[in-house]
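Summary of the model geometry
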Amino acid sequence: MTVQPGLHRQYCSVAAPTQLWLDPDGRLAGEFKPPGAGDPADPSGFTGLLHGDTRMLSRALVRVNGLEPEPATVEAEPGGILRVRGLVRGIPGPTEDPAVELLQTWTVTPGLVRHALQLRTSLDSLDVDIDIELAADFTDMAQIRLSRFRDASAPIAADDSALRWREGGKALAVAATGAVTPEGRLAWRGTVGRGRPFEAEWQAVVSDDDDAVVAANPPAARLPRTGPAGALGLLLDNSLDEVAGLRLATRQLPDAPFIAAGAPWYFTLFGRDSLWAARLLLPLNTGLETGPDTGLAAGTLRALAAFQGTNTDLAAAEEPGKILHELRSKELVLESQGLRLPPVYFGAVDSTPLWLCLLGELWRSGRDEAAVRSLLPNAARAAQWLLAAGATGPGGAPGAVPGGAAGNGGFLSYRDASGHGLSNQGWKDSRDAMQFRDGRQAEGPIALSEVQGYAYQAAMETAELFDAVGEPGGQALRDFAAALRLRFRERFWVADDGGPFPAMALDGHGVPLDIPGSNMGHLLGTGILDAAEARIVADRLVSPELFSGYGVHTISRRAAGFWPFSYHCGSVWSHDTAIAIRGLLAEGFIAEARTLSDGLLAAAASFGHRLPEVFAGVRAEDSGVAVPYPASCHPQAWSSASAVVIAQAMGVGL
């Protein structure tokens, strides 16, 4: 049985491409042990110091006089800092009170992690030995996701100031002058007394210069806090700090920043994730020289344009003009899911229209005309892909384009032609994500409702841009959009006992999925709905069928396949609800937007005023706190960016 490591109780600090994960007690304690025959899972979960797609340091366990500190608090602070406070209760004092406290401060910056220790006591004098047990394993991220960990490797070099490990082009050095022991540990001896703390520090330097495709692109400075007080202010502060920690650039374009999709699994460039994060953060993209959002929209567009498809390659799902789904340094293999994805993988039906949407929004903002004009050739190729992907032949028959199929011709659709790619290629990309009311899984090619909305907006935005700069093609895009809007109204709208609603998708036979899902929230603000249709969608989103009290369920509670702990069939995704809020605001449904925003704010309070990737679809009436989804990533790009939309809904100027 494959069990993905739990993440919901872990503490994480990110400074892309470096990340540190500590267990619920604030320890870097070792590997996650999944449940075996009669054995429970390791409650400490997954820990490690990771760089790129590799766990470098797997263990750094601290003992004082042979004793592990008992945890008291773990606090995350801005700037990649985790502060762990513990008590060494096995050292007796004059009373029953604990006499020794250890404060550990982890500071994560790209390629470098510092670990400072400060030991304090109420005793007049105490001789202390601080010992740190180290292990490095160089486990690949794909194996970590399957809970498969390599054995620790011995250092290749050691002296009294540093230990060094290397595997291929990946390197780890642990430096602590005078503290390195012959056994490969770190050790300090000293004396501590009342008012006389004992302090020590070591650092880990990591690199993977051999095959990395992304590199650090930290912001010049943290934006000063200007937001509101209270829960919303805390969420904004934490979220912007997370966004800063996720900021990367490709080696190919080091001056084009984007936001990595999320930690720990998606620490790289993802088409839809990075694009949606940039769109949600666009109100902050002021062009200032400081802050996590400087040049982010233009940087994301440029980074993705550099890998725009030029050929037709079924294994990579590449097509001319198409925008990629994900970028990695090597092939990603996940046997349990039957996935084998090439390093540059295009298996997403939505990345290209989303790229055009962001380009149009950046143009309308008036903030970076030069960047937009430089991307016009890429926009022309993306527009051609859009027109071809939604083309129909004579008499309405499907066009001879990848993804075209009887029953859903004229819509953007997808099907994995390789046999080892993603079976679902929208944002709900798990194998069981597209279901009918009775739980049957839809067969492809599948045409997603939200993708048609993206395509409509992309066509209209791009037509306006082309007209404004004197480029040809605007009328063809308008004609495409008008026809798509009409077909969508004819084919996607269905009804149940609650009234009409837009289906999540059409299956390969053109049959609409007959159960409401959160996908309809993405249609708001795209222009594909008229005012009456938008009103229907707004009412459905805030109904008990879809709104948990904390956010919008991915699928109706009345679906046979609904399960609160399903990744895409009953859970609540932070960004999914935020996109619905964004659309509600665009359509003028302020009260409904605030209802959903109140729910996300309440959920964030359950997670330390932060928004994880996904949480369980347990209703607020059934639980006073939002319930975690154990394998949820945090921070996640579009989840952190969602705080901006919540602030907009609450009337906060940004």
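The helix and strand inventory of the chain stands at 13 helices and 27 strands. For 654 residues, the compact-globule estimate of 2.2 N^0.38 gives 26 Å, and the chain sits close to it at 26 Å. The principal-axis extent of the C-alpha atoms belonging to the chain is close to 90 × 55 × 50 Å. Residue pairs in contact within the chain that sit at least 24 positions apart in sequence constitute 66% of those at least 6 positions apart. As presented, the chain carries roughly 23,500 Å² of accessible surface, and 51% of it is formed by carbon and sulfur atoms. Here the chain contributes 54 positive and 75 negative side-chain charges, whose respective centroids are spaced 1 Å apart.

Further remarks concern the environment of leucine 112. Residue placement: leucine 112 occurs in strand 8 (residues 112-121). Residue leucine 112 is classed as partly exposed on the basis of its relative accessible area of 22%. Taking C-alpha positions, leucine 112 is 33 Å from glutamine 308, a pair spaced 196 residues apart along the chain. With sequence-adjacent residues up to four places away left out, leucine 112 is seen in contact with Thr107, Gln203, Ala204 and Val205.

Another aspect to go through is the packing of aromatic side chains. Applying the stated rule across the entire model yields 14 aromatic pairs. Between phenylalanine 488 and phenylalanine 492, the ring centres sit 4.6 Å apart and the planes meet at 15°, which makes this aromatic pair stacked. The same class applies to phenylalanine 488 and to phenylalanine 492, which are both buried. Clustering of aromatic rings is evident, with ring pairs tying together Trp427, Tyr567, Trp573, Tyr629 and Trp638. When the ring centre of phenylalanine 411 is taken as origin, the NZ or CZ atom of arginine 487, which lies over that ring, is 5.9 Å away.

Mapped onto the elements, leucine 541 comes out in helix 10 (residues 531-541). With 17 residues separating them in the primary sequence, leucine 541 and leucine 524 have C-alpha atoms 11 Å apart. If sequence neighbours within four positions are ignored, leucine 541 has contacts with Met520, Gly521, Leu524, Leu546, Phe547, Val552, Ala580 and Leu596.

Right, let's get into the sheet that holds strand 2 (residues 18-22). In space, the six strands of this open sheet follow the order 1-2-3-4-9-13, with antiparallel pairing throughout. Both edges of this open sheet fall to strand 1 (11-15) and strand 13 (186-192), since each of them pairs with a single strand only. Strand-to-strand twist of the sheet, defined as the mean angle between neighbouring strand axes without regard to direction, takes the value 20°. Relative to strand 2, strand 1 is paired through five bridges, and the arrangement is antiparallel. Paired with alanine 15 across the strands is threonine 18, a residue of strand 2.

What follows is about the confidence of the model for the chain. The pLDDT averaged across the chain works out to 91; a share of 92% of its residues lies at or above 70. Long-range and interchain partners of residues 393-406, a stretch whose pLDDT sits below 50, account for 21 contacts in this model, where long-range means more than four residues apart.

Another point: the state of the cysteines. Defined simply, a disulfide is a covalent bond joining two cysteines at their sulfur atoms. Scanning the entire structure with this criterion turns up zero disulfides. The thiol of cysteine 633 is unpaired, and the distance to the nearest cysteine sulfur, on cysteine 12, comes to 9.4 Å. Classification of cysteine 633 by relative accessible area gives buried; the value is 1%.

Here the focus is the pattern of salt bridges. Counting across every chain of the model gives 38 salt bridges. Note that arginine 328 and aspartate 53 form a salt bridge whose closest N and O atoms lie 3.6 Å from each other. Here arginine 328 is found in the loop between strand 18 (326-327) and strand 19 (332-334), whereas its partner aspartate 53 is found in the loop between strand 3 (48-51) and strand 4 (54-64), with 275 residues between them in sequence. By relative accessible area, arginine 328 is classed as buried at 6%. A salt bridge links glutamate 361 to arginine 582, with the shortest nitrogen-to-oxygen separation between them at 3.3 Å. Separated by 221 residues along the polypeptide, glutamate 361 in helix 5 (residues 351-365) and arginine 582 in helix 11 (residues 574-587) bring together distant segments of the chain.

Turning next to the packing of helix 3 (residues 271-281) against helix 5. Contact pair helix 3 / helix 5: the axes reach a minimum separation of 9 Å and the direction vectors enclose 20°. Considered as vectors, helix 3 and helix 5 are oriented roughly parallel to each other. Helix 3 and helix 5 meet at a crossing whose hand is left-handed. Between helix 3, through Gly271, Arg272, Leu275, Trp276, Ala278 and Arg279, and helix 5, the contact on the second element is made entirely by Ser351, Leu354, Trp355, Cys357, Leu358 and Glu361. Residues belonging to the contact of helix 3 with helix 5 are distributed by class as follows: seven nonpolar, two polar and three charged.

With respect to the helices and strands, serine 571 occurs in the loop between helix 10 and strand 26 (572-573). Within the structure, the side chain of serine 571 is placed 3.1 Å from the backbone oxygen of serine 566, a separation counted as a polar contact. From its side chain, serine 571 meets the backbone oxygen of tyrosine 567 in a polar contact 2.7 Å long. In contact with serine 571, not counting residues within four places along its chain, are Val552, His553, Thr554, Trp563, Pro564, Ser566, Val614, Phe615, Ala616 and Gly617.

Attention now goes to empty space enclosed by the protein. Under the defined criterion, the tally for this structure stands at four cavities of 30 Å³ or more. In this structure, the largest cavity encloses a volume near 170 Å³. In terms of lining residues, the largest cavity is bounded by 17 residues, among which Gly52, Asp53, Asp208, Ala212 and Ser329 are the most central. Taken as a whole, the second largest cavity holds about 140 Å³ of empty space. The wall of the second largest cavity is formed by 16 residues, among which Asp25, Gly26, Arg27, Pro69 and Gln104 lie closest to the centre. Elements with a minimum of two residues in the lining of the second largest cavity: strand 4, strand 5 (70-77), strand 6 (81-87) and strand 7 (100-109). When the residues that make up the lining of the second largest cavity are grouped by side-chain class, the tally is eight nonpolar, three polar and five charged.

Rolled over the atoms, a probe with the dimensions of a water molecule shows which regions are left empty. Considered as a void within the structure, the largest pocket measures approximately 1,000 Å³ in volume. Together, 39 residues line the largest pocket, and Arg145, Tyr266, Gln337, Ser430 and Tyr567 are the ones closest to its centre. Reported here for the second largest pocket is a volume of approximately 860 Å³. At the level of elements, strand 1, strand 5, strand 6, strand 7 and helix 2 (230-245) are the ones that each hand at least two residues to the lining of the second largest pocket. Looking at which element gives the most residues to the lining of the second largest pocket, the answer is strand 1, with five residues. Per-class residue counts for the lining of the second largest pocket are 25 nonpolar, 13 polar and eight charged.

Reading guide: rules and limits
Every chain's residues receive numbers from 1 upward, in the order its sequence appears when written. Per-residue local features of the predicted model are confined to residues with pLDDT of at least 70, and side-chain atom pairs are confined, for both listing and counting, to 80 or more; whole-chain, interface and lining totals are unaffected and use all residues. With hydrogens and water set aside, each side-chain value is computed from the structure's full complement of heavy atoms. A run of DSSP states H or I qualifies as a helix once it reaches four residues; a run of E qualifies as a strand once it reaches two. Both are numbered from the N-terminal end. In this treatment the radius of gyration is a C-alpha quantity, and the globule benchmark scales as 2.2 Å times the residue count to the 0.38 power. Contacts are residue-level and defined by heavy atoms, with any inter-residue pair within 4.5 Å sufficient. Each accessible area is a Shrake-Rupley result for a 1.4 Å probe, and residues are judged covered by the shown protein chains and nothing else. In this count, Lys and Arg are taken as positive residues and Asp and Glu as negative ones, while His and the chain termini are left out. Charged groups are reduced to one reference atom each: NZ for lysine, CZ for arginine, CG for aspartic acid, CD for glutamic acid. Categorising residues by exposure relies on relative accessible area from a 1.4 Å probe, with only protein chains included: less than 20% of the type maximum marks a residue as buried, more than 50% marks it as exposed, and the intermediate range marks it as partly exposed. Two aromatic rings, drawn from Phe, Tyr or Trp (for Trp, its six-membered ring), form a pair once their centres lie within 6.5 Å of each other, and the interplanar angle then sorts them: stacked below 30 degrees, edge-to-face above 60, tilted otherwise. Ring-over charges, as used throughout, are those where CZ of Arg or NZ of Lys falls within 6 Å of the ring centre and within 35 degrees of the ring normal. The pairing criterion for strands is at least two bridges between them, as found by DSSP. Helix axes are fitted only over the stretch in contact, all axes being lines through C-alpha atoms; the angle between N-to-C directions runs from 0 to 180 degrees. Values of pLDDT, which run from 0 to 100, indicate the predictor's confidence residue by residue. A pair of cysteine sulfur atoms is labelled a disulfide when the two atoms are within 2.5 Å. Each reported salt bridge corresponds to a side-chain nitrogen of Lys or Arg within 4 Å of a carboxyl oxygen of Asp or Glu. When an angle is under 35 degrees it counts as roughly parallel; over 145 it counts as roughly antiparallel; between 65 and 115 it counts as roughly perpendicular; any other value is oblique. In this scheme, a crossing is called left-handed if the near helix is turned counterclockwise away from the far one by less than a right angle; it is called right-handed if the turn is clockwise. Under this grouping Gly is polar, as are all residues other than the nonpolar Ala, Val, Leu, Ile, Met, Phe, Trp, Tyr, Cys and Pro and the charged Asp, Glu, Lys and Arg. Throughout this description, a polar contact denotes any pair of N or O atoms lying within 3.5 Å of each other; where both atoms belong to protein, one of them has to be capable of donating a hydrogen while the other can accept it, and for residues adjacent in sequence the pair is counted only when both atoms sit in side chains. Both site types are read off a 1 Å grid over the protein atoms alone. A 1.4 Å probe that fits but cannot get out defines a cavity, while an open set with protein on both sides within 12 Å along at least five of seven lines defines a pocket; lining residues have an atom within 4 Å of a point. Grid points are joined across faces, edges and corners, and a volume is the space filled by probe spheres set on the points.

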